[in-house]
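Chains, contacts and geometry: an overview
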Amino acid sequence: SQQGEEDPQALSIQEGENATMNCSYKTSINNLQWYRQNSGRGLVHLILIRSNEREKHSGRLRVTLDTSKKSSSLLITASRAADTASYFCATDLGGATNKLIFGTGTLLAVQP
Amino acid sequence: DAGITQSPRHKVTETGTPVTLRCHQTENHRYMYWYRQDPGHGLRLIHYSYGVKDTDKGEVSDGYSVSRSKTEDFLLTLESATSSQTSMYFCAISRTSGGAPETQYFGPGTRLLVL
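Now for a look at the structure at hand. Every value quoted in this text rests on a predicted model; they were computed, and no experiment measured them.

Right, let's talk about the overall build of chain B for a bit. When its secondary structure is counted, chain B shows zero helices and eleven strands. Secondary structure elements in chain B, listed N-terminal to C-terminal, are β-β-β-β-β-β-β-β-β-β-β. A compact globule built from 115 residues should have a C-alpha radius of gyration of about 13 Å, and chain B, at 13 Å, falls within 12% of that. With respect to the three principal axes, the spread of C-alpha positions in chain B is 45 × 30 × 25 Å. Counting the 115 residues in chain B, one finds 50% classified as buried. Looking at chain B alone, contacts between residues at least 24 apart form 54% of all its contacts between residues at least 6 apart. Of the charged side chains in chain B, 12 are positive and 12 negative; the average position of the first set lies 3 Å away from that of the second.

Pasting the structure below:
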């Protein structure tokens, strides 16, 4: 079964607007990561937030983590057409091998 | 870009034939992974490796085997391909932080079609 579930499955916004994607998971985690995938390409790591962190920023990205609710959100501010992609959350349950469990993704379309 | 290449990039094969996909890395990373990606399922871990000749099963390992005889190469073999193995296959490596593997970097993918 999926550990991470993203919401919404698809999101369409205008350039300049903010995009928010949510991820819920089921079990305790060591960290949670967000990845981006352009159509037909491999995934690209965006940001990692550890279980003892509540918020993290990277450029136009803001990630929050609420371990009590087992949820995370990714906010992309001032979106651009180039942000059009699928976004995945991945949970690291800990241990020595960095096995990640990916959600099913949110497809973001930014209209110019 | 973590110096990861996959070959072939596209493969069409027939049911029952063996298929081997290759992942090659140039940065000497210890941890390597094979995923498959299917619509509605996201990425699912097939097998992973934590060193030369050290491999273990992931979530969807049935029908797949792997080998790692050199640090730089991680091979995924479908012993007898089935139509259910039609998928996009991604290889990944894990970069370490403080000695522990943490973030993963992905290859460009191999699209496999089993007829």
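The final tally for this structure, using the stated rule, is nine aromatic pairs over all chains. Ring plane angle 75 degrees and centroid distance 6.0 Å describe the contact between A:Phe102 and B:Phe106, whose orientation is recorded as edge-to-face. Taken together, the residues span two chains, with A:Phe102 in strand S10 (residues 100-102) and B:Phe106 in strand S10 (residues 100-106). We note that A:Phe102, like B:Phe106, is buried.

Residue and element names in this part refer to chain B. Across the sheet, which stays open at both edges, the four strands sit in the order S1-S3-S8-S7 with antiparallel pairing between neighbours. The sheet terminates laterally at strand S1 (4-7) and strand S7 (64-70), the two strands that pair on one side only. Going across the sheet, the axis of each strand differs from the next one's by a mean of 20 degrees, ignoring polarity. As paired strands, S1 and strand S3 (residues 19-25) are joined by four bridges and run antiparallel to one another. Bridging across to S3, Gln6 finds its partner in Cys23.

On the surface, B:Val12, B:Leu113 and B:Leu115 cluster together into a nonpolar patch covering about 290 Å² of accessible area. Mapped onto the elements of the fold, B:Leu113 is located in strand S11 (residues 110-114).

We now examine the nonpolar core. Within the largest apolar cluster, 20 residues are counted, with the highest numbers of intra-cluster contacts made by A:Met21, A:Leu32, A:Trp34, A:Leu74, A:Ile76, A:Tyr87 and A:Leu108. Mapped by element, the contributors of at least two residues to this core are strand S3 (19-24), strand S4 (31-37), strand S5 (43-50), strand S7 (61-66), strand S8 (71-76), strand S9 (85-92) and strand S11 (106-111) of chain A.

Further remarks concern the environment of B:Leu115. Take B:Leu115: it is sitting in the segment after S11. A C-alpha to C-alpha distance of 6.2 Å links B:Leu115 and B:Thr13, two positions 102 residues apart in sequence.

Let us look at the state of the cysteines. Residues and elements named next belong to chain B. Under the defined criterion, the tally for this structure stands at two disulfides over all chains. Note on cysteine connectivity: Cys23 is disulfide-linked to Cys91, with sulfurs 1.8 Å apart. On the sign convention where negative means left-handed, the S-S torsion of about -70 degrees between Cys23 and Cys91 marks this disulfide as left-handed. Residue Cys23 is found in strand S3, and its partner Cys91 is found in strand S9 (residues 87-97); the two are separated by 68 residues along the sequence. Judged by relative accessible area, which is 0%, Cys23 ranks as buried. On the accessibility criterion, Cys91 (0% relative accessible area) is buried.

The topology assignment puts A:Leu75 in strand S8. Between the C-alpha atom of A:Leu75 and that of A:Met21, which follows or precedes it by 54 residues, the distance is 6.5 Å.

Looking at the element boundaries, A:Asn31 is found in strand S4. One polar contact links A:Asn31 to A:Gln33, side chain to side chain, over a distance of 3.0 Å. Ignoring sequence-local partners within four residues, the contact set of A:Asn31 consists of A:Leu48, A:Ile49, A:Arg50, A:Ser51, A:Ala90, A:Thr91, A:Asp92 and B:Glu102.

A few words on the interface of chain A and chain B. Contacts between chain A and chain B engage 21 residues on the former and 22 residues on the latter. Regarding the contact of chain A and chain B, the summed buried area is about 1700 Å², with carbon and sulfur atoms giving 51% of it. In this structure, the connection of chain A to chain B is made through zero salt bridges. Taken together, the elements giving at least two residues each to the side of chain A that touches chain B come down to S4, S5 and S10 of chain A.

Turning our attention to the pairing of S3(B). All names here are of chain B. Only one face of S3 is covered, namely the face carrying Val19, Leu21, Cys23 and Gln25; the face carrying Thr20, Arg22 and His24 is uncovered. Across six bridges, S3 lies against strand S8 (residues 73-78) in antiparallel orientation. Pairing of Thr20 across the sheet is with Thr77, part of S8.

Cut-offs applied
Residues numbered from 1 in each chain as written. Chains lettered and ligands numbered in written order. Predicted model: local features only at pLDDT ≥ 70, side-chain atom pairs only at ≥ 80, totals over all residues. Heavy atoms only, no water. Helix = DSSP H or I, 4+ residues; strand = E, 2+ residues; numbered from the N terminus. Rg over C-alpha atoms; globule rule 2.2 N^0.38 Å. Buried < 20%, exposed > 50% of the residue type's maximum accessible area, 1.4 Å probe, protein only. Contact = heavy atoms within 4.5 Å. Lys, Arg positive; Asp, Glu negative; His and termini not counted. Charge placed at Lys NZ, Arg CZ, Asp CG, Glu CD. Phe/Tyr/Trp six-rings, centres within 6.5 Å; stacked < 30°, edge-to-face > 60°. Pairing = 2+ DSSP bridges. Axes fitted to C-alpha atoms, helices over the stretch in contact; angles between N-to-C directions. Patch = residues over 30% accessible without salt bridge, like charges linked within 9 Å, V, L, I, M, F, W, Y side chains within 5 Å. Areas by Shrake-Rupley, 256 points an atom, 1.4 Å probe, with all protein chains shown as cover. Salt bridge = Lys/Arg side-chain N within 4 Å of Asp/Glu carboxyl O. Core = buried A, V, L, I, M, F, W, Y, C linked by side-chain atoms within 4.5 Å. Disulfide = S-S within 2.5 Å. Polar contact = N/O pair within 3.5 Å; in protein donor to acceptor, adjacent residues only side chain to side chain. Buried area = accessible area lost by both parts, 1.4 Å probe.

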